[in-house]
Amino acid sequence: MGYSSLQACVADLEQSGQLKRIDPEVDPHLEIAEIQRRVFARGGPALLFTRVRGSKFPLLGNLFGTKERVRYIFRDALEHVRRLIELKIDPMAALKHPTRYWRAPWTAWTTLPKKVGYGPVMEASCTISDLPQLVCWPEDGGAFITLPQVYSELPGKPGWQSGNLGMYRVQLSGRDYQHNREIGLHYQIHRGIGVHHTRAIERGEPLRVNIFVGGPPAMTLSAVMPLPEGLSELVFAGALNRRRVRMVHGQGPLPFHGEADFVIQGTIDPAQTKPEGPFGDHLGYYAKVHDFPVLRVERVLHRRDAIWPFTVVGRPPQEDTLFGDIIHELTGPLIPTVLPGIKEVHAVDAAGVHPLLLAIGSERYVPYGTRKPRELLTQANAILGQGQLSLAKFLFIAAQQDDPSLDLHDIARFLQHVLRRVDWTTDLHFQTRTTIDTLDYSGSGLNEGSKVVIPAAGPVRRELPTELPGGFSLPESFGLHSPRVVLPGVLVLQGPAYRGVDPAQMVRNLRDTTTPISREHDRTVEEFCAALSHDHALNQFPLVVVVDDSVFAAASLNNWLWTTFTRANPAHDLHGVGSFTEHKHWGCRGSLVIDARIKPWHSAPLVEDPAVTRRVESLAGRGGPLEGLF
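Student: Run through the environment of His249, naming residues and quoting values.
Tutor: Within the secondary structure, His249 is located in the loop between strand S12 (246–248) and strand S13 (256–257). Its relative accessible area of 32% is what places His249 among the partly exposed residues. Distance in space between the C-alpha atoms of His249 and Gly117 is 5.6 Å, their sequence separation being 132 residues. Apart from residues lying up to four places away in sequence, His249 is in contact with Lys115, Val116, Gly117 and Pro255.

Student: Tell me what's going on with the pairing of strand S7 (residues 149–153), and back it up with residues and numbers.
Tutor: The buried fraction of S7 is high, at five of five residues. Residues Gln149, Tyr151 and Glu153 point to one face of S7 and Val150 and Ser152 to the other, with burial holding for every one of them. Taken together, the three bridges between S7 and strand S11 (residues 207–213) define a ladder with antiparallel strand orientation. Of the residues in S11, the one forming a bridge with Gln149 is Phe212. With four bridges connecting them, S7 and strand S8 (residues 163–166) associate as antiparallel partners. Across the sheet, Tyr151 pairs through a bridge with Leu165, a residue of S8.

Student: Residues and numbers for the nonpolar core, please.
Tutor: Judged by nonpolar contacts, the single largest core of 54 residues is most densely connected at Ile35, Phe49, Leu131, Leu172, Ile183, Ile211 and Ile264. Counting only elements with at least two residues in this core, the list comes to helix H2 (31–41), strand S2 (46–49), strand S10 (182–185), helix H7 (192–203), S11, strand S14 (262–276), strand S17 (290–302) and helix H19 (610–619). Residues within four places of Leu131 in sequence aside, it is in contact with Ser55, Phe57, Cys126, Leu172, Phe262, Ile264, Val300 and Trp308. Ala351, Val418, Ala553 and Leu592 belong to the second-largest nonpolar core, a separate cluster that totals 41 residues.

Student: Could you give me a rundown of empty space enclosed by the protein, with the residues and numbers involved?
Tutor: Within the structure shown, the criterion is met by six cavities of 30 Å³ or more. Put simply, the largest cavity is a space of about 70 Å³. Taken together, Leu283, Tyr285, Leu439, Asp440, Tyr441, Ser442, Thr566, Arg567, His602 and Ser603 make up the lining of the largest cavity. Taken together, the residues that form the lining of the largest cavity break down as four nonpolar, four polar and two charged.

Student: Just give me the short version of the pattern of salt bridges, but keep the residues and values in it.
Tutor: This structure, assessed with the given rule, holds 30 salt bridges. Two residues, Glu608 and Arg37, come together in a salt bridge whose shortest N-O distance is 3.0 Å. Of the two residues, Glu608 sits in the loop between strand S30 (592–595) and H19 while Arg37 sits in helix H2, which places them 571 residues apart along the sequence. The salt bridge partner of Glu375 is Arg364, with a shortest N-O separation of 2.4 Å. Of this pair, Glu375 sits in helix H12 (residues 375–383) while Arg364 sits in the loop between strand S20 (356–361) and H12, placing them eleven residues apart in sequence. Residue classification places Arg364 among the partly exposed positions, given a relative accessible area of 41%.

Student: Run through the pairing of strand S25 (residues 490–494), naming residues and quoting values.
Tutor: Within S25, five of the five residues are buried, which leaves it mostly tucked inside the rest of the structure. Neither face of S25 is exposed, since Val490, Val492 and Gln494 on one face and Leu491 and Leu493 on the opposite face are all buried. Linkage of strand S24 (residues 481–487) to S25, two consecutive antiparallel strands, is achieved through a turn of two residues, within which Gly489 is found at a positive phi near 85 degrees. For S25 and strand S26 (residues 543–547), the ladder comprises five bridges, and the chain directions are parallel. If you follow Val492 over to S26, its bridge partner there is Val545.

Procedures and definitions
Residues numbered from 1 in each chain as written. Predicted model: local features only at pLDDT ≥ 70, side-chain atom pairs only at ≥ 80, totals over all residues. Heavy atoms only, no water. Helix = DSSP H or I, 4+ residues; strand = E, 2+ residues; numbered from the N terminus. Buried < 20%, exposed > 50% of the residue type's maximum accessible area, 1.4 Å probe, protein only. Contact = heavy atoms within 4.5 Å. Pairing = 2+ DSSP bridges. Core = buried A, V, L, I, M, F, W, Y, C linked by side-chain atoms within 4.5 Å. 1 Å grid on protein atoms, 1.4 Å probe; cavity = no way out; pocket = protein on both sides within 12 Å on 5 of 7 lines; lining within 4 Å. Points joined across faces, edges and corners; volume = space filled by probe spheres on them. Nonpolar A, V, L, I, M, F, W, Y, C, P; charged D, E, K, R; others polar. Salt bridge = Lys/Arg side-chain N within 4 Å of Asp/Glu carboxyl O.

Rendered as structure tokens:
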């Protein structure tokens, strides 16, 4: 059976040697977050901070910090969930292999939420200021809940069948929220709660919201699952925990999870927003200050033995990377049933997840002649029309027929496969002035940017150089220098700082989004491409990226992925040698060049506080309370 509570999970992990108690007092302002990041980077244990400055509640971090621990926590359920997914793909499988699926009816029963009148979360109450005030990055605008489970139901259609459980960040303090009465609720585009919020506005009524923190780990994972509309996260949590979710009714207009550690009950006034942020987010930059909904707090309930779970996000990989891994493991087999012809889709964590998608599709309909992207384009449109996948900026898609052994998780090999086959005169397909991730500031505004689809099918067109050719040189007048080969066929160049706007505006933008931002175009890369002839040695590299620091970008594949795809807006930042526009189609005859320099309107990268770093390192030194953890 699954865990009945977070306390049961903690006890199990401690008994099996996968959890360490941190008993010295630690500060929730930056210190705990830096400890967690360092322990995660070392593949360390879950951490229970028993003495947290300013709070009576212990904090639990790094719970999902290794693949092995995630599989251990859900060890009783993963195989059963996989079998339910197999039945979803092929309903006749139960008749073909009855012994394999004999427990499926019991697993299905556990998916149904259970209506109860009482739960342990009702044992005590407190205020918002009593909760742990966790601040993870120096410029964060206040304390945040980093593992919230935000529950709402469709106004006018109550019941868990219309419910949504999502992980939308919650700001507990800072800005101009009324103390203990208001908290900020930030949700991104294409999130389920947005449908409920829209309906509440149409009806002219407040939206009831309950925020759960803690409880069985299955609830936390279910809150981040990108489930199809109409499939309740509570159902998935029941299957994953092999135990029905206990929902308390009769204690307010909206039910809440009785076995959570904390519940915050309140309402959103559809007409009210307040500035929220900044917040150090999972792309590795600060999410800026924007107006978002405000939750008017009615009461805060908690268990007497409540534990406050948290995570820390930042430049990937972080703990949330493991969420992505288990989600892919569980839902990956469903992709071909939702997107015909698609074999696999991979949102690249190192590039911030949404900025870069890789996909393997097929070219099934033209068995004769030279294969080139046809069906791949249809499949790419289907991918970009699917839920959160629609937030991608770059989609590279290849035909499986050209190499059946392709593996999307071998990113270097997949990109080389594409670059050997792609034709930059025909295979660049843009969508302009469209939606991108709310947290991505490389575009033209909040939720606004562009996309490019890069398909590859057919025979090899070129071999990829692995080093600079002899006598390689660049025109000096453009200030591009320090070339380095990142991958076969991929070259990075260091460019001058992007011109056009005072760099100090980057800092001001963190605190003030009301001032219009100048988008004066820096033409350095565009003019550099125009100056090169078709026979310049640069064109031996099909892909060239201009960055602020070529040593950093070339130091590892992850550095290059993060730098390139979080800092580029395809329609603005893709240039090419020998570029042309023909019947509104843009292409180039030489290298494709991406301008991935930081622009003045981009958000600031996350940097740790040096004083906190020194403090944390002293705790981990010889004889310190954290000795041996990192």
